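Chain residues, written in single-letter form:
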Amino acid sequence: MTAIAKPEHSVFDTAPEELRPVLESLVEAAQADANWKVRKKTLLDALLVVETMTQLSPKQQEAFEALMTGMEDGSISEAEAKARMDAIEAVEDDEEGGEGIDILPMFIGAVLERLGEDRITSVEQAALYILSVHPEHYEAAEDWLQADEKNATAFKKLLRSDRRYAGLFDALLGEDEEEEGEGEA
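Residues numbered from 1 in each chain as written. Predicted model: local features only at pLDDT ≥ 70, side-chain atom pairs only at ≥ 80, totals over all residues. Heavy atoms only, no water.

Chemist: What am I meant to see in the packing of helix 4 (residues 58–73) against helix 5 (residues 78–90) here?
Modeler: Packed helices, taken two at a time, are described by their axes: the angle between them and the distance between them. The interhelical angle for the contact between helix 4 and helix 5, taken along N-to-C directions, is 175 degrees, at an axis separation of 10 Å. In terms of orientation, helix 4 lies roughly antiparallel with respect to helix 5. Packed against helix 4, whose contacting residues are Gln60, Ala63, Phe64, Leu67 and Met71, the element helix 5 presents Ala81, Arg84, Met85, Ile88 and Glu89 at the interface. For the contact of helix 4 with helix 5, the per-class residue count stands at 7 nonpolar, 1 polar and 2 charged. (Axes fitted to C-alpha atoms, helices over the stretch in contact; angles between N-to-C directions. Helix = DSSP H or I, 4+ residues; strand = E, 2+ residues; numbered from the N terminus. Parallel < 35°, antiparallel > 145°, perpendicular 65-115°, else oblique. Contact = heavy atoms within 4.5 Å. Nonpolar A, V, L, I, M, F, W, Y, C, P; charged D, E, K, R; others polar.)

Chemist: Where do I start with the nonpolar core in this structure?
Modeler: In globular proteins that are soluble, nonpolar side chains generally tend to be buried together. Among the nonpolar cores identified, the biggest contains 41 residues, and Ile120, Ile130, Leu131 and Tyr165 are the most heavily contacted of them. Contributing elements (two or more residues each) for this core: helix 1 (11–14), helix 2 (20–32), helix 3 (36–55), helix 6 (104–115), helix 7 (123–129), helix 8 (135–147), helix 9 (149–161) and helix 10 (163–184). When residues no more than four places from it in sequence are discounted, the contact partners of Tyr165 are Leu44, Ala127, Ile130, Leu131, Phe155, Leu158 and Leu159. Among the nonpolar cores identified, the runner-up in size contains 8 residues, and Met53, Leu56, Phe64 and Leu67 belong to it. (Core = buried A, V, L, I, M, F, W, Y, C linked by side-chain atoms within 4.5 Å. Buried < 20%, exposed > 50% of the residue type's maximum accessible area, 1.4 Å probe, protein only.)

Chemist: So what exactly am I meant to see when it comes to the environment of Ser122 here?
Modeler: Along the polypeptide, Ser122 turns up in the loop between strand 2 (119–120) and helix 7. Residue class for Ser122 comes out buried when judged on its relative accessible area of 15%. Between the alpha carbons of Ser122 and Trp144 there is a distance of 8.8 Å; along the sequence they are 22 residues apart. Within the structure, the side chain of Ser122 is placed 3.2 Å from the backbone nitrogen of Gln125, a separation counted as a polar contact. (Polar contact = N/O pair within 3.5 Å; in protein donor to acceptor, adjacent residues only side chain to side chain.)

Chemist: I'm lost on the packing of helix 3 against helix 4 in this one. Help?
Modeler: Close contact between helix 3 and helix 4 brings their axes to 9 Å; oriented N to C, the two are set at 145 degrees. Of the two possible hands of crossing, helix 3 and helix 4 adopt the one that is right-handed. Across the interface between the two elements, Val49, Thr52, Met53 and Thr54 of helix 3 pack against Gln61, Phe64, Glu65 and Met68 of helix 4. For the contact of helix 3 with helix 4, the residue count by class is 4 nonpolar, 3 polar and 1 charged. (Left-handed = near helix turned anticlockwise from the far one by under 90°.)

Chemist: Just to check I follow, could you spell out the pattern of salt bridges for this structure?
Modeler: Two side chains of opposite charge can pair, provided their charged atoms sit close to one another. Going through the model one piece at a time under the given rule, you end up with 6 salt bridges. For Glu24, the salt bridge goes to Arg114, with nearest N and O atoms at 2.5 Å. Note that Glu24 is positioned in helix 2 and Arg114 in helix 6, a separation of 90 residues in sequence. Taking the shortest distance from any N to any O, the salt bridge between Asp45 and Lys41 comes out at 2.9 Å. On the criterion of helical spacing, the pair formed by Asp45 and Lys41 is a turn pair, its members being 4 residues apart in helix 3. Where salt bridges share partners, they join Lys41, Asp45 and Arg164 into one cluster. (Salt bridge = Lys/Arg side-chain N within 4 Å of Asp/Glu carboxyl O.)

Structure below.
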């Protein structure tokens, strides 16, 4: 187990007011999960939706929100949802999308900050903490990974077996890891 220092600065407290309910719902969903294996899946699902939303233009975001509402209330079938999502992505729009994947470390940091955990105890937990915007989070995750070779091996296995996480990891940290590796060669 590796201790997690409390973040010096709060991402949640500085988040826009309209974003806080979304962050709180992510925290509640994570807290409801029985363990970090399930929690990792829940948070990855939510983060991929956030990433999609931030890449869409405002008009596309409205259509996506309507699509999500229809899926939640059962008025849109899975096949229809896929067709609508393809149509949303194909729309030529003069307005550009938002920040995309760059905002995800802040979402992760805000959620983990609100969970208020004091120790890293599993590879799934470390996998999310290493992606946080908070230096205290990713340093704790790195310490946990380096504390025991079994931890590092478990993390490598997770990267090989979970494509969604591996894609997110590469998108957020891949260049940094490659640059560090090049300097060490």
